[in-house]
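Residues per chain are reported as follows:
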Amino acid sequence: MPVPSAPGQTTGDKRAAYLAALSAAGISLTADGDAEVEVAQVVCEELAKGADRAELLSLLSSLGGPLTPAWAETMVSTAEKTYC
């Protein structure tokens, strides 16, 4: 389910802003950025439903791989600022 765009901001603009902000924060991106955008979409949807931010951070951190707690925090806070 697509995340509604802010007035004057297209989904493509939000995607580009989110990926650029992650890259600037030192987060290694996948080749197409789709996985990171999917995380942003889920984060925004769950927060809009009233999900607990700490639980989202814990869930992301538990996925393993490069998703350390610091990276999870960066991904969630960046999604909140640029994508939601």
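Note that this is a predicted model, so its numbers are computed, not measured. (Residues numbered from 1 in each chain as written. Predicted model: local features only at pLDDT ≥ 70, side-chain atom pairs only at ≥ 80, totals over all residues. Heavy atoms only, no water.)

A. Focus on the packing of aromatic side chains. Overall, the coordinates contain one aromatic pair when judged by the stated rule. Just above the ring of Tyr83 sits the side chain of Lys14; from NZ or CZ to the centre is 4.9 Å. (Phe/Tyr/Trp six-rings, centres within 6.5 Å; stacked < 30°, edge-to-face > 60°. Lys NZ or Arg CZ within 6 Å of the ring centre and 35° of its normal.)

B. Local environment of the state of the cysteines. With the rule as written, the count across this model stands at one disulfide. Here Cys44 connects covalently by a disulfide to Cys84, the sulfurs 2.0 Å from one another. Taking the torsion about the S-S bond as the criterion, the Cys44 to Cys84 disulfide, at about -95°, is left-handed. Here the residue Cys44 occupies a position in helix α2 (residues 34–48), and Cys84 occupies one in the segment after α4 (69–82), the gap between them amounting to 40 residues. What makes Cys44 buried here is its relative accessible area of 7%. (Disulfide = S-S within 2.5 Å. Helix = DSSP H or I, 4+ residues; strand = E, 2+ residues; numbered from the N terminus. Buried < 20%, exposed > 50% of the residue type's maximum accessible area, 1.4 Å probe, protein only.)

C. A look at the nonpolar core. One finds Tyr18, Val39, Val43, Leu60, Met75, Ala79 and Tyr83 to be the most contacted residues of the largest nonpolar core, which totals 18 residues. Those elements giving two or more residues to this core turn out to be α1 (11–24), α2, α3 (53–62) and α4. For this core, the leading source of residues is α2, giving five residues. (Core = buried A, V, L, I, M, F, W, Y, C linked by side-chain atoms within 4.5 Å.)

D. Main features of the pattern of salt bridges. In total, this model carries four salt bridges according to the counting rule given. The salt bridge partner of Glu73 is Arg53, with a shortest N-O separation of 2.9 Å. Pair noted here: Glu73 is in helix α4 and Arg53 is in helix α3, with a separation of 20 residues, a long-range link. The class for Glu73 is partly exposed, based on a relative accessible area of 31%. (Salt bridge = Lys/Arg side-chain N within 4 Å of Asp/Glu carboxyl O.)

E. Representation of the packing of α1 against α4. One can describe the packing of α1 onto α4 by two numbers: an axis separation of 10 Å at closest approach and a directional angle of 145°. For the pair α1 and α4, the crossing hand works out as right-handed. Between α1, through Lys14, Ala17, Tyr18, Ala21 and Leu22, and α4, the contact on the second element is made entirely by Thr74, Met75, Thr78, Ala79 and Thr82. Its residues placed into classes, the contact of α1 with α4 shows six nonpolar, three polar and one charged. (Axes fitted to C-alpha atoms, helices over the stretch in contact; angles between N-to-C directions. Left-handed = near helix turned anticlockwise from the far one by under 90°. Contact = heavy atoms within 4.5 Å. Nonpolar A, V, L, I, M, F, W, Y, C, P; charged D, E, K, R; others polar.)

F. View of α3. Along α3, the residues classified as buried are Leu56, Leu57 and Leu60. Buried residues of α3 fall within an arc of 100° about the axis and therefore sit on the same side. Exposed and oriented more than 90 degrees from the buried face of α3 are Glu55, Leu59 and Ser62. One side-chain oxygen at the N-terminal end of α3 lies 3.3 Å from the backbone nitrogen of Ala54; it belongs to Asp52. At the exit of α3 stands Gly64, carrying a positive phi of roughly 80°. (Arc of directions from axis to C-beta. Polar contact = N/O pair within 3.5 Å; in protein donor to acceptor, adjacent residues only side chain to side chain.)

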